[in-house]
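Okay, here's what each chain looks like letter by letter:
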Amino acid sequence: MISVLSALLSLATAAAFAQTASAPMTVRIAYITQVVERAPPLSLLDSIPADEGLLGARLAIEENNTTGSFMQQEYALADAVVPQGEDVAAAFKKLMAAGQTVFVADLPAAALLAIADLPEARDTLIFNVQAREDSLRNADCRANVLHVIPNRAMLTDALAQYLIWKQWKRWYLVAGKGAGDTLYAEAVKRAARKFGARIVEERSYDGGSTARRTDTGHALIQKQMPVLTQGADYDVLVVADESDLFGEYLPYRSFRPRPVVGTQGLIATAWHRTHEQWGGTQLQNRFEKLAQRPMTERDYAAWLAVRAVGEAATRTMKADRASLEAYIRGDDFGVAGFKGQKLSFRPWDGQLRQPVLLAAARTLVSVSPQEGFLHQRTELDTLGFDKPESQCKLKR
């Protein structure tokens, strides 16, 4: 009788275990962004997607669930699109109250710091997929934030390596008046010092008075640009115009026939619609099927953040924030980003190491790091702030 009872108990235990084992583990991720007013694009060929960033996260959730179906895992995305002028911190707290602890933050720097510094956010993991500020990787770094989007120093270092490789060492810098323009220009100057280039002349330009939408706008621009770029001789014209107010007017209108690089012309970017190497075409096609438009850099960064969480969950078979973060920050972590090698986060500032694409409007020109720029750890650390340069002190 006892043996029969033991057998029945064993069968019941086995059945309960099987039921538990078959129940999928849910990995929860939240995406948060805010609607902001953006100036109309300079070119009528360009458009500003209303869902930029969000659709990258959604594509990654689909891909994570494809893998998860074989691993007894489910991935769920909660998204919050905060209307312009409303409280981002309040929306963040609402997501936390619903149990969210892993966030993809598609926010500018001020809003990113506002949520990261909340007392309630101490035990969260936040992926920055928009803010490029170098300060966020230095004195303003936060222990609960990882940066997927490249900062300005990474972008300008990537561009500088290519210019040095081409022996284009004399730079003429033209910067706009916007805050982002100033920060980009500072990063350009840093890259010039780092890699041995020389800024032979520096000019500023106020694009606010440009009559670009009038019938005579092109005639005014045709007269202004040669005057703006007349001065010392140079190898390349570097433009800092993140606001996209005047940079597109420089090619073919400069005083000297020189290449234009920077925020317009030849640009440095994490992703570009011309990228097709290392399986990039497959990612481009999957995204266009979902979004009916090309993938942007913010789409890619959000996609990569969600894929990083998926990689950690697959490797650890865990869904809690602490376990996922420990693996993501560890030495064994690597996520495929369709750039020819696995990508990982720098332990000293939380920035994702990654190759940077150098692209023109219709073609991929090169990929940095360039050949010959060596590093004792990985050539990817030649882009941006290396450990000895970093001012970041990560504390939780």
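If you're wondering where the values come from, they're calculated on a predicted model, not measured in any experiment.

1. A few points about the confidence of the model for the protein chain
Looking at the protein chain as a whole, its pLDDT mean stands at 92, while 91% of the residues score no less than 70. Overall, residues 1–20 carries pLDDT values under 50, and its contacts beyond four positions in sequence, including any with other chains, amount to zero contacts.

2. Focus: the pattern of salt bridges
As enumerated under the stated definition, the model contains 28 salt bridges in all. As a salt-bridge pair, R132 and E297 come within 2.1 Å of each other at their nearest N and O atoms. Here E297 lies in helix α9 (residues 297–316) and R132 lies in the loop between β4 (125–128) and β5 (145–147), a separation of 165 residues in the sequence. Accessibility expressed as a relative area gives 18% for R132, which makes it buried.

3. Looking at the sheet that holds strand β3 (residues 102–106)
As a general point, the strands of a sheet are linked pairwise by backbone hydrogen bonds and lie either parallel or antiparallel. In space, the five strands of this open sheet follow the order β2-β1-β3-β4-β5, with parallel pairing throughout. Both edges of this open sheet fall to β2 (73–82) and β5, since each of them pairs with a single strand only. Each strand axis lies, on average, 25° off the axis of its neighbour in the sheet, ignoring direction. The pairing of β4 with β5 spans three bridges and is parallel. By the bridge assignment, F127 is partnered in β5 with L146. Sheet contacts for helix α2 (residues 54–71): β1 (25–34) and β2; angle to β2, the most-contacted strand, approximately 165°. Strands β3, β4 and β5 of the sheet are contacted by helix α4 (residues 109–116), whose axis makes an angle of about 175° with β4.

4. Considerations on helix α3 (residues 88–97)
Working note: α-helix, 3.6 residues per turn, so residues spaced by three or four point in the same direction. Those residues of α3 not exposed but buried are V88, A89, A91, F92, L95 and M96. Viewed end-on, α3 has its buried residues packed into an arc of 160°, placing them on one side of the element. Projecting away from the buried face of α3 at angles above 90 degrees are the exposed residues K94 and A97. The inward-facing, buried residues of α3 abut β1, β2, β3, α4 and β4. Here α3 starts with a cap whose side-chain oxygen sits 3.0 Å from the backbone nitrogen of A89, and that cap is D87. Of the residues flanking the end of α3, it is G99, one or two places downstream, whose phi is positive at about 100°.

Reading the values: the criteria
Residues numbered from 1 in each chain as written. Predicted model: local features only at pLDDT ≥ 70, side-chain atom pairs only at ≥ 80, totals over all residues. Heavy atoms only, no water. pLDDT = per-residue confidence, 0-100. Contact = heavy atoms within 4.5 Å. Salt bridge = Lys/Arg side-chain N within 4 Å of Asp/Glu carboxyl O. Helix = DSSP H or I, 4+ residues; strand = E, 2+ residues; numbered from the N terminus. Buried < 20%, exposed > 50% of the residue type's maximum accessible area, 1.4 Å probe, protein only. Pairing = 2+ DSSP bridges. Axes fitted to C-alpha atoms, helices over the stretch in contact; angles between N-to-C directions. Arc of directions from axis to C-beta. Polar contact = N/O pair within 3.5 Å; in protein donor to acceptor, adjacent residues only side chain to side chain.

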